[in-house]
Amino acid sequence: MRRTALTLLALSLLGTLTAHAGTGTPPPTREYYGTLEPFASRAVYFVMTDRFVNGDPGNDHRDQGGKLHTFDIPLPPCNGVVGNIGYMGGDFKGIADHLDYIRDMGFGAVWITPIVDNPDQSFTGGVTPTCGGILADKGKTGYHGYWGVNFYKVDEHLPSPGMGFRDLANAMHGKGMKLVLDIVGNHGSPAWGMAFDQPQFGKVYDRRGKLVADHQNLPPQQLDPRRNPLHRFYNTRGPVDGDKGSIFDGNLAQLSDFNENNPAVLDYLAGAYEQWIGQGADAFRIDTIAWMPDSFWQKFTTRIRRKHPGFFMFGEAFDYDAAKIATHTLPGHGETSVLDFPMKQAMEEAFGRKQAGFERMAPALHLTGGPYANPYDLATFYDNHDMPRMDASDAGFIDAHNWLFTARGIPVVYYGSEMGFMRGRPEHGGNRNYFGIEGIAAAKASPIRAALSRIAQVRATSPALQRGLQVNIELQGNRAAFYRVYQHAGQQQLALVLLNKGDAPARFELGALRQPGQWRNAFDGSTLTVTAGNAPAIEVPAHGVQVYLLDAAVTAPALADALDAAMAGARLPR
């Protein structure tokens, strides 16, 4: 169905040119855009705060937890690389001190992992982590931030004197950057299966430090919310008798599972996250969004946007079925964007070791007739902290970034990927390893980072690449060619994107499809003259990209017709 739509679009581009040729009458100025979402103008650098840079060793708390210590807990080597399940020292100051490093690459936003208070010991329950294992938490700590016990309090490992959360937000805003805060609504900390009832685990505290929920080291089936008020925050579904719409059937490992039907849960979480907006959070990434029902998220997002209209949120629904993850984007279902897992899968196949052709990208784009409220608002990525990092050559990473920063969507890049850091490594085998100033120094010399910066900086200044409608010319083998067009509220820009992921230079002929004008090369400022009767061939180097910009209205009838069709089919009616 999607390929049929693309074929019809191509026929429209080529077939209607003859019908309009020679009339001498340009089509009227129309509105063309992929999205009007302001946040789409930014690319996002994703930082696991504890693993980025230790800016202040004074907040490491290296003695915390006693025998169940929390700092520096190495695992057995995984194919020669040692992972770590303890805190490693990264903090707000480490991010603030290196904002220029991030901004200079072309990123306009930083997504940080949850900042809320996590337990002060390592976990004694669960399953022992293995090289490729997931949801195995025995001996682990809350260094990642997803084990909240007090959602109103910053974890003590993160702030420094003069560098609290509000200070970090101010530092980003001072450099023209936005702060994306990772939030959790589905669960708190691990809650049962412990050797003993550990302090904080399975507990929730309010803004005053009062205990409001306690799992008491009991499995969910043994909770008694009717008799014990401290159990009412949690669901009593066990690992096999409940279903929140995931293969894990109700429980993520031993994590305390919040009761979505308890109004106190919504009040608690919304109140906490409104607090962090008040201290500078500009957008939310919502963890495990698919594990809470859509009705809960609709109430949550409505409450947030009542005070903060237009507040941007994107969720994590870990599923490669576009129809399933798209439900979260629809009215009444939360109305958030989502991380584009189907595109992630396509990118891994096209730019990783499989080296699939660009035709693999077409079905993942959903440019017209797709299930999303708007595909242009999706957060696009190729790996993250919950899966093995992309296993690709340097050229593969360069090709991936050339696509990521020119095709539709909001690019998200995981820390260290600018140098292929820990490529191919799973969670417990290096995926989340410490980066540090040594990593930053190495990245500055990496050809991956140089190429990423080159294309990301072009996107950062191009409204067409940020929010423009996409019309494909060619997606086949090692070649991709497409337009991005933004024509809205008096602003007009066309971007012609040519990608070559092959090992040899490639020549692109526009043929009948051309927009007359004096096009500007986005990289070196040179010009390309295109007329109705002539379009010079353009050479793209091996593993390279060319972007040409034209700040003018669309006048080519064939292109206008194709854009009209794309505009009509891009967004679902509301």
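Shown above is the structure to which this text applies.
Reading the values: the criteria
- Residues numbered from 1 in each chain as written.
- Predicted model: local features only at pLDDT ≥ 70, side-chain atom pairs only at ≥ 80, totals over all residues.
- Heavy atoms only, no water.
- Helix = DSSP H or I, 4+ residues; strand = E, 2+ residues; numbered from the N terminus.
- Rg over C-alpha atoms; globule rule 2.2 N^0.38 Å.
- Buried < 20%, exposed > 50% of the residue type's maximum accessible area, 1.4 Å probe, protein only.
- Contact = heavy atoms within 4.5 Å.
- Areas by Shrake-Rupley, 256 points an atom, 1.4 Å probe, with all protein chains shown as cover.
- Lys, Arg positive; Asp, Glu negative; His and termini not counted.
- Charge placed at Lys NZ, Arg CZ, Asp CG, Glu CD.
- Pairing = 2+ DSSP bridges.
- Axes fitted to C-alpha atoms, helices over the stretch in contact; angles between N-to-C directions.
- Parallel < 35°, antiparallel > 145°, perpendicular 65-115°, else oblique.
- Left-handed = near helix turned anticlockwise from the far one by under 90°.
- Nonpolar A, V, L, I, M, F, W, Y, C, P; charged D, E, K, R; others polar.
- Disulfide = S-S within 2.5 Å.
- Core = buried A, V, L, I, M, F, W, Y, C linked by side-chain atoms within 4.5 Å.
- Phe/Tyr/Trp six-rings, centres within 6.5 Å; stacked < 30°, edge-to-face > 60°.
- Lys NZ or Arg CZ within 6 Å of the ring centre and 35° of its normal.

Draft legend 1. How the structure looks around the overall build of the protein. On a plain count of helices and strands, the protein comes out with 14 helices and 22 strands. Here the protein has a C-alpha radius of gyration of 25 Å; the compact-globule value for 574 residues is 25 Å, and the two agree. The principal-axis extents of the C-alpha atoms in the protein amount to approximately 80 × 50 × 40 Å. Taken over 574 residues, the protein has a buried fraction of 61%. In the protein, of all internal contacts separated by at least 6 residues, the share reaching a separation of at least 24 is 75%. Summed over its atoms, the accessible surface of the protein is roughly 20600 Å², and 54% of this surface lies on carbon and sulfur atoms. For the protein, the distance from the average site of its 53 positive side-chain charges to the average site of its 57 negative ones is 3 Å.

Draft legend 2. Geometry of the pairing of strand β16 (residues 479-488). Burial of β16 is extensive: eight of the ten residues sit out of reach of the surface. For strand β15 (residues 469-476) and β16, the ladder comprises seven bridges, and the chain directions are antiparallel. Bridged to V471 within β16 is Y483. What sits between the antiparallel neighbours β15 and β16 is a turn of two residues, in which G477 has the positive phi angle 60 degrees. By the bridge criterion, ten bridges tie β16 to strand β17 (residues 491-500) in an arrangement that is antiparallel. Bridge pairing in β17 links R484 to A495.

Draft legend 3. Quick peek at the sheet that holds strand β2 (residues 109-112). Taken together, eight strands build an open sheet; the order of strands is β12-β11-β10-β5-β2-β1-β14-β13 and the sheet is parallel. Looking along the sheet, the strands with just one partner apiece sit at the ends: β12 (337-338) and β13 (379-380). In this structure, β13 lies alongside strand β14 (residues 410-414), joined through two bridges in parallel fashion. Paired with A379 across the two strands is I410, which belongs to β14. Along the sheet, helix α4 (residues 165-174) contacts β2 and β5 (178-184); its crossing angle with β5, the most-contacted strand, is approximately 140 degrees.

Draft legend 4. Representation of the packing of helix α8 (residues 341-351) against helix α10 (residues 394-404). Across the interface, α8 lies against α10 with an axial gap of 9 Å and an inter-helix angle of 140 degrees. As summarised for this structure, α8 and α10 are arranged oblique, according to the angle between their axes. In this structure, the crossing between α8 and α10 has a hand that is right-handed. Only G396, D399, A400, W403 and L404 of α10 make contact with α8, whose side of the interface consists of M343, M347 and F351. Here the residues of the contact of α8 with α10 are counted per class, giving six nonpolar, one polar and one charged.

Draft legend 5. Just the state of the cysteines, in detail. Inspection of every chain in the model, using the stated rule, returns one disulfide. Disulfide pairing is shown between C78 and C131; the S-S distance is 1.7 Å. Placement of the pair is C78 in the loop between β1 (44-47) and α2 (92-96) and C131 in the loop between β3 (116-117) and β4 (150-154), with a sequence separation of 53 residues.

Draft legend 6. A look at the sheet that holds strand β19 (residues 517-521). Taken together, the six strands give an open sheet; going across it, the order is β15-β16-β17-β22-β19-β20, and neighbouring strands pair in antiparallel fashion. Of all the strands in the sheet, the pair left with one neighbour each is β15 and β20 (527-530). Within the sheet, the average angular offset between the axes of one strand and its neighbour, ignoring direction, is 20 degrees. Each of β15, β16, β17 and β22 (544-550) touches α10; the most contacted strand, β17, lies at about 155 degrees to it. The strands that helix α14 (residues 557-570) touches are β15, β16 and β17; relative to β15, the one it contacts most, it runs at about 110 degrees.

Draft legend 7. Molecular detail of the environment of G416. Following the sequence through the fold, G416 ends up in the loop between β14 and α11 (436-444). Its relative accessible area of 0% is what places G416 among the buried residues. Each C-alpha atom, one on G416 and one on T301, is 32 Å from the other, the two residues being 115 residues apart in sequence. The contact partners of G416, leaving out residues within four places of it in the chain, are Y45, R389, F421 and F435.

Draft legend 8. Seen up close, the nonpolar core. Residues F284 and W403 are the most contacted members of the largest nonpolar core, which totals 162 residues. The leading source of residues in this core is helix α5 (residues 263-278), at nine residues. If sequence neighbours within four positions are ignored, F284 has contacts with V180, L181, I183, Y273, I277, F300, I304, F311, F312, M313 and F314. Within the second largest apolar cluster, seven residues are counted, among which are F123, M194, L252 and L255.

Draft legend 9. Spatial organisation of the packing of aromatic side chains. What the rule picks out here adds up to 39 aromatic pairs. Cation over ring: R51 sits above Y143, and NZ or CZ is 3.9 Å from the ring centre. Positioned over the ring face of F508 is R479, at 4.1 Å from the centre of the ring.

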